[in-house]
Amino acid sequence: MMGKAVDLSEFDRGEIVMARRLEMSITETARLVGCSRSAVVIIHAKWINDGDTSSRRQDVGRPCVIKEKERWRLSRLVKQNRRQTVAQLTAQYNAGPSASVSEHTVQRTLLDRGLCSRLPTRVPLMTKRHRQLHLQLAREHRDWTMDEWKRVAWSIESRFLIHHVDGRVRVRRLPNEQLLPSCRAGHTQAGGGGIMLWGTLSLAALGPVVVVEQTMKAVNYLNIIEDQLHPYMTFVFPTGNGIFQLDNAPCHKARIVLEWFEEHTDEFHLMSWLPNSELKHNHVRISRLCMTAA
């Protein structure tokens, strides 16, 4: 039997949302995730209405040990230090005037309030010049139709973990608190245990996925666009009307790379991407979904 909405993992729910945002049909999405069509409809509707896809069933057992007033105190303890573990929060809570509770009770209360443990949001700061460039790009493309956006091929390099633990610090926050200063931070990267992939996609078709064996440098990137990107763009956009999104990574803007693109302007065009762009972050998430599905 295909999975129901309550049985799907957080990753499966994210796949459903991103697939529907990519305009995949309900049936195609259900087949991709391996769930029922009704589960796709329920989870996508919850994301549209609540901005969240989590599913927690109503508690039907004994009353909660922590009353509403104390729940607010626990929330304040979280906001004082977002990185505290459940054990640390429990110790802090029990040091107060209220009756002592277990870590399990604290964890359940935090989840009931939506204070889940999440990775910090990495939001690069935008300068005044960045804002001007973003406004200029928005004005240049405000009249673009869906057909025009379908001509764009996006690319991304993403690191995928092989092992579950990656050494990243987590913060406890509500879904709408991701941009708060206390919820934005860098993270420590564990050595090894991961694999770097380069991939490209458009609405027309998924492109190739390439394992990046070493640090991406201009020479490595040039080999990828010659061996992988060029055949993909030629196949998907045979009339030469394709547009390749080029971001601002130093190896992507190297002289030898730009010269190669200039030599192939009759085969496809370039769209230079903006620094610190939230649109770029969104296309990273979409690319990761498609690379995983592939």
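Check the entry above for the structure.
Since this is a predicted model, take the numbers as computed values, not measurements.

Points about the overall build of the protein chain
In terms of regular secondary structure, the protein chain is built from 11 helices and seven strands. Considering the protein chain as a whole, with its 294 residues, one finds that 38% of them fall into the buried category. In the protein chain, of all internal contacts separated by at least 6 residues, the share reaching a separation of at least 24 is 72%. Just so you have it, the protein chain exposes about 17,400 Å², and 54% of that area is on carbon and sulfur atoms.

Side note on the packing of helix 4 (residues 68–80) against helix 5 (residues 86–94)
Interhelical geometry of helix 4 versus helix 5 gives an angle of 130° and a closest axis separation of 10 Å. Of the possible angle classes, the one that applies to helix 4 and helix 5 is oblique. Handedness of the helix 4/helix 5 crossing: right-handed. Contacts between helix 4 and helix 5 pair Glu70, Arg73, Leu74, Leu77 and Val78 from the former with Leu89, Gln92 and Tyr93 from the latter. Here the residues of the contact of helix 4 with helix 5 sort into five nonpolar, one polar and two charged.

A word on unusual backbone geometry
Despite not being glycine, glutamate 23 shows a phi value in the positive range, around 70°. Structurally, glutamate 23 can be placed in the loop between helix 1 (10–21) and helix 2 (26–33).

Regarding the pattern of salt bridges
Inspection of the entire model under this criterion finds two salt bridges. The partner of arginine 73 in a salt bridge is glutamate 70, and the shortest N-O contact between them spans 2.9 Å. Separated by three residues within a single helix, arginine 73 and glutamate 70 lie in helix 4, roughly one turn from each other. Across this residue pair, the class does not change: arginine 73 and glutamate 70 are buried. The partner of glutamate 259 in a salt bridge is arginine 255, with the nearest N and O atoms 3.2 Å apart. Taken together, the residues span about one helical turn, with glutamate 259 and arginine 255 both in helix 10 (residues 255–263) at a distance of four residues.

Some remarks on the packing of helix 5 against helix 6 (residues 103–112)
At their nearest, the axes of helix 5 and helix 6 sit 9 Å apart, and the two run at 105° to each other. The angle between helix 5 and helix 6 places the two elements in the roughly perpendicular class. For the pair formed by helix 5 and helix 6, the contact residues are Val86, Ala87, Leu89 and Thr90 on the first element and Glu103, Val106, Gln107 and Leu110 on the second. Per-class residue counts for the contact of helix 5 with helix 6 are five nonpolar, two polar and one charged.

Brief notes about the packing of aromatic side chains
Applying the stated criterion to the full structure yields six aromatic pairs. Arranged with centres 5.9 Å apart and planes meeting at 20°, the rings of phenylalanine 244 and phenylalanine 261 form a pair that is stacked. Placement of phenylalanine 244 in strand 6 (residues 242–246) and of phenylalanine 261 in helix 10 is noted, with a sequence separation of 17 residues between them. For phenylalanine 261, a relative accessible area of 4% puts it in the buried group. Seen from their ring centres, phenylalanine 261 and phenylalanine 268 are 6.1 Å apart, and the 85° between their planes marks the pair as edge-to-face. You'll find phenylalanine 261 and phenylalanine 268 in the same group, each marked buried.

A word on the pairing of strand 4 (residues 194–201)
Sheet topology places strand 4 next to strand 5 (residues 206–211); four bridges connect them, and they run antiparallel. Its bridge partner lying in strand 5, tryptophan 198 is registered against valine 210. Here strand 4 folds back onto strand 5 in antiparallel fashion, the turn holding four residues.

What to know about the environment of arginine 173
On the secondary structure map, arginine 173 appears in strand 3 (residues 171–173). The spatial distance from the C-alpha of arginine 173 to the C-alpha of arginine 82 is 7.2 Å, given a sequence separation of 91 residues.

Rules behind the numbers
Residues numbered from 1 in each chain as written. Predicted model: local features only at pLDDT ≥ 70, side-chain atom pairs only at ≥ 80, totals over all residues. Heavy atoms only, no water. Helix = DSSP H or I, 4+ residues; strand = E, 2+ residues; numbered from the N terminus. Buried < 20%, exposed > 50% of the residue type's maximum accessible area, 1.4 Å probe, protein only. Contact = heavy atoms within 4.5 Å. Areas by Shrake-Rupley, 256 points an atom, 1.4 Å probe, with all protein chains shown as cover. Axes fitted to C-alpha atoms, helices over the stretch in contact; angles between N-to-C directions. Parallel < 35°, antiparallel > 145°, perpendicular 65-115°, else oblique. Left-handed = near helix turned anticlockwise from the far one by under 90°. Nonpolar A, V, L, I, M, F, W, Y, C, P; charged D, E, K, R; others polar. Salt bridge = Lys/Arg side-chain N within 4 Å of Asp/Glu carboxyl O. Phe/Tyr/Trp six-rings, centres within 6.5 Å; stacked < 30°, edge-to-face > 60°. Pairing = 2+ DSSP bridges.

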